[in-house]
Amino acid sequence: MKNYLIDMDGVLVKGRVPIPGANEFIEKLKETNRKFLVLTNNPKYTPMDLSHRLKIIGLNVPSENIFTSAMAVGMFLKMQKPKGTAFVLGESGLISAVHDAGYIITEYNPDYVILGETSNYNFEQITLAIRLIRSGAKFIATNPDPLGPTESGIVPACGAMAALIEKATGMSPFFIGKPNPFMMRSAMNYLGVHSEDTVIVGDRMDTDIVAGVQTGVETILVLSGVTKIEDIDKYPYRPTKILNSISDLISMIE
């Protein structure tokens, strides 16, 4: 029996609209007692907040079935330096995960500067982050995505801001989210499953599919998001399966 790691944007939702078949797919996983996680690079929201936001638009995903890059950051911090300190650029999802990892958030000589997503990057905070990194704080970031979608169009995302800070400090961030295999392994540990029994469903070749390939899980690419069929041959790796959308996967689950 396969377990599922499911990307959110482009697989289950587009903006604030569910992709047809998304809720039926989630319900089928529940009915067949599959272990699954909705896996997102977006660190803005806590699992409870994100579950509520999905429920409003008609997707019933329990909070315990959501795993974010912020949660992976928390697991990384506990493994690398328990009970440390960090300066955080981000919103409630990331701040909560850092606190849950047993960390103190401070701007005074922190062990880490942690960059996440926010809808309002503050120039003074960015300047402080640069100074802290130049003074010796280690630099980690939730996800490498350079752009993010909003209702009014694309906006700079974590990867773009990380590039600015890297240019100013000369220090490259360690990105925790997809395509880092750490994100995948953290999600599988959280779910209590092994790679040989796990499938990742995603819409991006450069994050979801490559993360699956590097982790040794089965990969399913859906064409309901950013990747078009003609894009696939640009990459040296291929997904295990290619489907038009998540609705095509429902009949494959017994």
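That block above? That's the structure.
Conventions we followed
- Residues numbered from 1 in each chain as written.
- Predicted model: local features only at pLDDT ≥ 70, side-chain atom pairs only at ≥ 80, totals over all residues.
- Heavy atoms only, no water.
- Axes fitted to C-alpha atoms, helices over the stretch in contact; angles between N-to-C directions.
- Helix = DSSP H or I, 4+ residues; strand = E, 2+ residues; numbered from the N terminus.
- Parallel < 35°, antiparallel > 145°, perpendicular 65-115°, else oblique.
- Contact = heavy atoms within 4.5 Å.
- Buried < 20%, exposed > 50% of the residue type's maximum accessible area, 1.4 Å probe, protein only.
- Pairing = 2+ DSSP bridges.
- Right-handed = clockwise from strand over helix to strand, strands pointing away.
- Phe/Tyr/Trp six-rings, centres within 6.5 Å; stacked < 30°, edge-to-face > 60°.
- Expected span 1.5 Å × (residues − 1).
- Arc of directions from axis to C-beta.
- Left-handed = near helix turned anticlockwise from the far one by under 90°.
- Nonpolar A, V, L, I, M, F, W, Y, C, P; charged D, E, K, R; others polar.

## Thoughts on the packing of helix α3 (residues 69-80) against helix α7 (residues 181-191)
For any two helices packed against each other, the geometry comes down to the angle between their axes and how far apart the axes lie.
Here's step 1: Contact geometry of α3 with α7 gives a least axis separation of 10 Å together with a crossing angle of 90°. With respect to α7, the element α3 is oriented roughly perpendicular. Residues Ser 69, Met 71, Ala 72, Met 75, Phe 76 and Met 79 of α3 lie in contact with α7, whose contacting residues are Phe 182, Met 183, Ser 186 and Tyr 190.

## Here's the deal with the pairing of strand β4 (residues 36-40)
Here's step 1: The element β4 is extensively covered by neighbouring structure, given that five of its five residues are classed as buried.
Here's step 2: In β4, alternate side chains face the same way, and those of Phe 36, Val 38 and Thr 40 on one face and Leu 37 and Leu 39 on the other are all buried.
Here's step 3: Note: strand β1 (residues 3-7) against β4, four bridges, orientation parallel. Bridging across to β4, Ile 6 finds its partner in Val 38.
Here's step 4: Relative to strand β5 (residues 66-68), β4 runs parallel, the two sharing three bridges. Each residue of the ladder has a partner; that of Thr 40, found in β5, is Thr 68.
Here's step 5: Chirality of the crossover, the property in question, places the unit of β4, helix α2 (residues 47-56) and β5 among those that are right-handed.

## With respect to the packing of aromatic side chains
Here's step 1: Applying the stated criterion across every chain yields a total of seven aromatic pairs.
Here's step 2: An angle of 90° between the planes, with centres 5.7 Å apart, marks the rings of Phe 76 and Phe 182 as edge-to-face. Linking Phe 76 in helix α3 with Phe 182 in helix α7, this pair joins segments that are 106 residues apart in sequence.
Here's step 3: Judged by its relative accessible area of 10%, Phe 76 is buried.
Here's step 4: The class of Phe 182 is buried, set by a relative accessible area of 16%.
Here's step 5: With a centroid separation of 6.3 Å and an interplanar angle of 45°, the aromatic rings of Tyr 103 and Tyr 112 are classed as tilted. With respect to burial, Tyr 103 and Tyr 112 carry one shared label: buried.
Here's step 6: Here a set of aromatic residues connected by ring pairs shows up, and it is made of Phe 76, Tyr 103, Tyr 112, Phe 174 and Phe 182.

## Some details on helix α6 (residues 158-169)
Here's step 1: Helix length check: α6 (twelve residues) gives 16 Å between terminal C-alpha atoms against 16 Å at 1.5 Å per residue, within 8%.
Here's step 2: Within the sequence span of α6, burial applies to Cys 158, Gly 159, Met 161, Ala 162, Ile 165 and Thr 169. Buried residues in α6, looked at end-on, bunch into an arc of 160°, giving them a common side.
Here's step 3: Where α6 is buried, its residues meet β6 (85-89), β8 (112-115), α5 (123-134), β9 (138-141) and β12 (174-175).
Here's step 4: Gly 170 occupies a position one or two residues after α6 and carries a positive phi of about 75°.

## As for the packing of α3 against helix α4 (residues 92-100)
Here's step 1: In the contact formed by α3 and α4, the axes pass within 8 Å of each other and the chain directions differ by 25°. Compared by their axis directions, α3 and α4 come out roughly parallel. Two packed elements cross with a definite hand, and for α3 against α4 that hand is right-handed. When α3 is examined against α4, the residues Ala 70, Met 71, Val 73, Gly 74 and Leu 77 are found in contact with a partner set consisting of Gly 93, Leu 94, Ala 97 and Val 98.
Here's step 2: Of the residues contributing to the contact of α3 with α4, the split by class is seven nonpolar, two polar and no charged.

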